[in-house]
Amino acid sequence: MAEVLLDRATKKYGDHVAVNEVSLHCKDSEFFFILGPSGAGKTSTLKMIAGLTTVDGGQIRIGDRLVNDLEPGLRNVAMAFEAYALYPHLTVFENIAFPLRAPIRARQFSEGDIHARVQRVADLLRMGELLGRMPTQLSGGQKQRVALGRALIREPDVFLLDEPIAHLDAKLRHHMRAELKSMQRQFGTTSIYTTPDQLEALSMADTIAVINEGVLHQVGPPLEIYNHPADDFVAQFVGDPPMNFLSSRGVVVSEGGEVRLGLEGLHIDISPRIQAALAGQSCQTLRVGIRPSDIRLARGQGSGGWLGEVYLVEQVGRSHVFTMKVNGDMLRVKAPLDFDAGVGERLRIDLEPDKVYLFDAVNGRSVLV
Amino acid sequence: MADVRLEKVWKTYGGVVEAVRELDLECRNKEFLCLLGPSGCGKSSTLRMIAGLENVTKGEVYIGSRRVTSVPPKDRDIAMVFENYALYPHLTVYDNIAMPLRVRNMSRSEMDQKVRHAAEVLHITDLLGRRVVRLGGGQKQRVGIGRAIVRKPSVFLMDEPISHLEAQLRAQMRVELKRLHIEVEATTIYVTHDQLEAMALADRIAVMNEGELQQVGTPSELFDRPVNQFVAGFIGTPPMNFLACELAVQGDQMFAQGPGFRISLPAATRARLLSSKASGKMQLGVRPLDVTVAKTNGAETPVAARTFVYEPQGESCQVTVQIDGQLVSIEADGDFVTEAGEAAWVGFKADRLHLFDSATGANLVL
């Protein structure tokens, strides 16, 4: 059990800064996610915590220890990779027991101890009946669980998982997400998990840190990240289909004590909450974002709505995803399956006044949080 | 423009491995048909037989009214787009697209017009002068498709053309491909293992498994009326829940019951099960969207459960509950909040239930 603190941690590869002064606080027994696209610096961050790469600036603490220069073996962290690297000639039992039989722990555990520990881990991973099998007799998800078991048996202070389920197929990933989240709760081990998959992070995390190009963009619980993205990068990276951004820029218009959003060629009603946030804004131009699920499509004329042309309709499960051509932009809209329309049809587009995301067009920061 | 028909087509390798077994399939004129299935299901072998890149072991292939079973690929009037685009890396985009036309000795102005039209449809006009080595993955794929379009083939064949692209680009290319089909109106047969892609693109989907055709239908038909447990489990994410159950009759009521649950079946389902004399062990199938969850017991939510995992996902959430030890996943609104260990009450939308024969996998309520 331990918390992990990064204070302006920096990793450089030659001239390239992979991790740029990232500060994070992962609390004791928390399930902490580092989310970002490939090349964001996720794995480099994890490797610095594990001690598998040097720290080129800042500090890393595990519990109350500064670990910058501590050998990996002395940090009491366990790392599980996407490639499970099981020993093919050993049974599941022996694979899981392997770390307890390592030379540095020679004779530390009796055979009885080892059996009890393996059994406990295997029960938690719900693979007690697989202990006698060889790795070749296991499915991808089962192999992944053995690899996790081998990491868990050491009872590490901190558990590091580097995209552990990225290579599994969609269905298995769905099951493993639930399994891993449940397991982490039961073990209560502080865990740091990297992933490029926003759905994985939203689903499983207590706290998410979004990073891109080595820079930390936002840290917070999943729904805060989703509902109140700190900048336009987080907004477009989290959510599927991704947030729409309008090409025309918005401006803050104040008239007779009333604040509204000015937008070339289009009108958007905004809620009192957003008006209040804009009232004190010094920002000159705004980038306007709208989530596909916050747009309603309708037939016929209405007040205030926009008109758009159906460019394409796709079925996703029991929903329709429309791509609408509006004022030169392509907007994606999520609609119920029973709302259907043909390509080329003109539809009214209604927005929710409280579901408009506004970002400083220059630095990308949200003007609403 | 043409339809494509396969009649009792077999493909065996080395006389032993039956890759495709007695396949009857029709792709209608101007239709977008997806061949969908896991790896090894026979979908690529099928496409390659249509293209003429593989011999047909037994059966016949027709394109339009013409039997093409023994016609060489180049004479079938088809164009094939692969995942690896096989472009000429040191030629420009223009020259790559023009390549099939140059071989035909077409006039320069006619060729130019065709190349520019294809580029326009694919939104790559501003890339025409660029060399292929300098393009990104999505751009290369467009060039590969452009080269196929200029030939004006009767049939387009595509084998996983976008499966290697990263998620957001793939979603964007999906839109472009479907839009392209609407504009070019060419009969298209498209192979994929990704059910989401097939659902989004296809007019109709043919689901295959282990060399056999399982079902052909529109995306909605496959989603809501799967003929068997394989199709039911393969289509849709998160996947359908399956729970072992048996039928019980009490008065004029019929129930599907298993450990921890007993669900009254609607009259239409009951009638169908009675007429087919269904009995014995079954699998109850229900999509996560068709399970209701609440914090209290009620008419809609009569089954006692316990939350195993709660996963927020923004506008919706995923709740995995345990019903007498069995895991059931539920897709609920984003504002439903619970946590692991909490009591939950669930209900199954009776008109959305499926019952599959445990032995054959057949859907008994269709």
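As the structure is a computational prediction, the values presented were derived from the model and not from experiment. (Residues numbered from 1 in each chain as written. Chains lettered and ligands numbered in written order. Predicted model: local features only at pLDDT ≥ 70, side-chain atom pairs only at ≥ 80, totals over all residues.)

**A word on the overall build of chain B**
Thought 1: Looking only at helices and strands, chain B has 9 helices and 20 strands in total.
Thought 2: With the principal axes as the frame, chain B shows a C-alpha extent of 80 × 45 × 35 Å.
Thought 3: In chain B, once contacts between residues fewer than 6 apart in sequence are set aside, the share between residues at least 24 apart is 66%. (Helix = DSSP H or I, 4+ residues; strand = E, 2+ residues; numbered from the N terminus. Contact = placed C-beta atoms within 7 Å.)

**Looking at the overall build of chain A**
Thought 1: The helix and strand inventory of chain A stands at 9 helices and 21 strands.
Thought 2: When the backbone C-alpha atoms are referred to their principal axes, chain A occupies close to 80 × 45 × 35 Å.
Thought 3: For chain A, buried positions account for 41% of its 369 residues. (Buried ≥ 20, exposed ≤ 12 C-beta atoms within 10 Å, placed from the backbone.)

**As for the pairing of strand 15 (residues 291-294) of chain B**
Residues and elements named next belong to chain B.
Thought 1: Here strand 15 shows a buried face lined by Val291 and Val293 and an unburied face lined by Thr292 and Ala294.
Thought 2: Bridge analysis of strand 15 against strand 19 (residues 343-348) gives 4 bridges, and the strand direction is antiparallel. Residue pairing across strands places valine 293 opposite valine 346, the latter belonging to strand 19. (Pairing = 2+ DSSP bridges.)

**Thoughts on the sheet that holds strand 2 (residues 17-27) of chain B**
Residues and elements named next belong to chain B.
Thought 1: One open sheet accounts for 4 strands, arranged 2-1-4-5; its pairing is antiparallel. A strand with exactly one partner marks an edge of an open sheet, and here the two such strands are strand 2 and strand 5 (66-67).
Thought 2: Examined bridge by bridge, strand 1 (residues 4-13) and strand 2 share 7 bridges and lie antiparallel to one another. In the strand pairing of strand 2, valine 4 is matched with cysteine 27.

**Details of the environment of A:Lys27**
Thought 1: Examined against the element boundaries, A:Lys27 turns out to sit in the loop between strand 2 (16-26) and strand 3 (31-35).
Thought 2: C-alpha separation for the pair A:Lys27 and A:Glu179, spaced 152 residues apart in sequence, amounts to 22 Å.

**A look at helix 5 (residues 167-184) of chain B**
Thought 1: Taking 1.5 Å of rise per residue, the 18 residues of helix 5 of chain B would be expected to cover 26 Å, and the 25 Å separating its terminal C-alpha atoms lies within 8% of that figure.
Thought 2: For helix 5 of chain B, the full list of buried residues reads B:Ala171, B:Met173, B:Arg174, B:Leu177, B:Lys178, B:Leu180 and B:His181.
Thought 3: Where helix 5 of chain B is buried, its residues contact strand 17 (306-316) of chain A together with strand 3 (32-36), helix 3 (108-121), helix 4 (137-149), strand 8 (187-192) and helix 6 (195-201) of chain B.
Thought 4: A positive phi of about 55° marks B:Glu185, the residue just after helix 5 of chain B. (Expected span 1.5 Å × (residues − 1).)

**Things to note about the confidence of the model for chain B**
Thought 1: With 99% of its residues at a pLDDT of 70 or more, chain B shows a mean pLDDT of 92.
Thought 2: Here the prediction assigns the complex a pTM of 0.88, and the interface score ipTM is 0.85. (pLDDT = per-residue confidence, 0-100.)

**Focus: the packing of helix 4 of chain B against helix 5 of chain B**
Residues and elements named next belong to chain B.
Thought 1: It is the contact of helix 4 with helix 5, at a shortest axis distance of 11 Å, that shows an interaxial angle of 15°. Considered as vectors, helix 4 and helix 5 are oriented roughly parallel to each other. Helix 5 is crossed by helix 4, and the crossing has right-handed handedness. Contact with helix 4, carried on its side by Gly137, Gly138, Gln141 and Ile149, involves Leu169, Met173 and Val184 of helix 5 and no other residues of that element.
Thought 2: Of the residues belonging to the contact of helix 4 with helix 5, the class tally is 4 nonpolar, 3 polar and no charged. (Axes fitted to C-alpha atoms, helices over the stretch in contact; angles between N-to-C directions. Parallel < 35°, antiparallel > 145°, perpendicular 65-115°, else oblique. Left-handed = near helix turned anticlockwise from the far one by under 90°. Nonpolar A, V, L, I, M, F, W, Y, C, P; charged D, E, K, R; others polar.)

**Quick word on the sheet that holds strand 5 (residues 65-66) of chain A**
All names here are of chain A.
Thought 1: The sheet built from 4 strands is open, its strands ordered 2-1-4-5 with antiparallel pairing. Each end of this open sheet is capped by a strand with a single partner; those strands are strand 2 and strand 5.
Thought 2: With 2 bridges connecting them, strand 4 (residues 57-62) and strand 5 associate as antiparallel partners. Counterpart to arginine 61 in the pairing with strand 5 is leucine 66.

**Quick look at the domain arrangement of chain A**
Accessible area lost on assembly of the parts is the figure often given for the size of an interface.
Residues and elements named next belong to chain A.
Thought 1: Split by domain assignment, chain A resolves into domain 1 (4-237) and domain 2 (244-360).
Thought 2: Averaged C-alpha coordinates put domain 1 and domain 2 at centres separated by 39 Å.
Thought 3: Each partner contributes to the interface: domain 1 provides 4 residues, whereas domain 2 provides 4 residues.
Thought 4: By residue class, the composition of the side of domain 1 that touches domain 2 is 2 nonpolar, no polar and 2 charged. (Domains from an automatic or database assignment.)

**Here's the deal with the interface of chain A and chain B**
Thought 1: If you look at the interface, chain A gives 28 residues, while chain B gives 27 residues.
Thought 2: Of all the elements in the fold, those that place two or more residues in the side of chain A that touches chain B are helix 5 (170-187), helix 6 (198-204), helix 7 (222-227) and strand 17 of chain A.
Thought 3: Counting residues per element, the side of chain A that touches chain B draws most heavily on helix 5 of chain A, at 8 residues.
Thought 4: Class assignment of the residues belonging to the side of chain A that touches chain B gives a composition of 14 nonpolar, 8 polar and 6 charged.

**Points about unusual backbone geometry**
The phi angle of most residues is negative, glycine excepted, and most peptide bonds adopt the trans form.
Thought 1: Across the junction of A:Asp240 and A:Pro241, the peptide omega takes the value -5°, indicating a cis bond.
Thought 2: Assignment of secondary structure puts A:Pro241 in the loop between helix 8 (232-237) and strand 11 (244-245).
Thought 3: The linkage connecting B:Thr237 with the following residue, B:Pro238, adopts the cis geometry, with an omega of -5°.
Thought 4: With a phi close to 50°, A:Glu155 is a non-glycine residue in the positive phi region.
Thought 5: Structurally, A:Glu155 is set in the loop between helix 4 (140-152) and strand 7 (158-162).
Thought 6: What makes A:Glu155 partly exposed here is the crowd of 14 C-beta atoms within 10 Å.
Thought 7: With a phi angle near 55°, B:Glu185 is a residue other than glycine that sits in the positive phi range.
Thought 8: Note that B:Glu185 resides in the loop between helix 5 and strand 8.
Thought 9: The class for B:Glu185 is exposed, based on 11 C-beta atoms found within 10 Å.

**A word on the packing of helix 4 of chain A against helix 5 of chain A**
For any two helices packed against each other, the geometry comes down to the angle between their axes and how far apart the axes lie.
Residues and elements named next belong to chain A.
Thought 1: Taken N-terminus to C-terminus, the directions of helix 4 and helix 5 make an angle of 20°; their axes are 11 Å apart at the nearest point. It follows from the interaxial angle that helix 4 and helix 5 lie roughly parallel. For the pair helix 4 and helix 5, the crossing hand works out as right-handed. Residues Gly140, Gly141, Gln144 and Leu152 of helix 4 touch helix 5, and the partners they reach there are Leu172, His175, Met176 and Phe187.
Thought 2: Class assignment of the residues belonging to the contact of helix 4 with helix 5 gives a composition of 4 nonpolar, 4 polar and no charged.

**Points about the environment of B:Pro312**
Thought 1: Mapped onto the secondary structure, B:Pro312 falls in strand 16 (residues 303-312).
Thought 2: Exposure remark for B:Pro312: the 21 C-beta atoms within 10 Å place this residue in the buried category.
Thought 3: Placed 80 residues apart in sequence, B:Pro312 and B:Ala232 show a C-alpha to C-alpha distance of 25 Å.
Thought 4: Sequence-distant contacts of B:Pro312, that is, excluding residues within four places in its chain, are made with A:Leu202, A:Ser203, A:Pro222, A:Leu223, B:Cys317 and B:Gly334.

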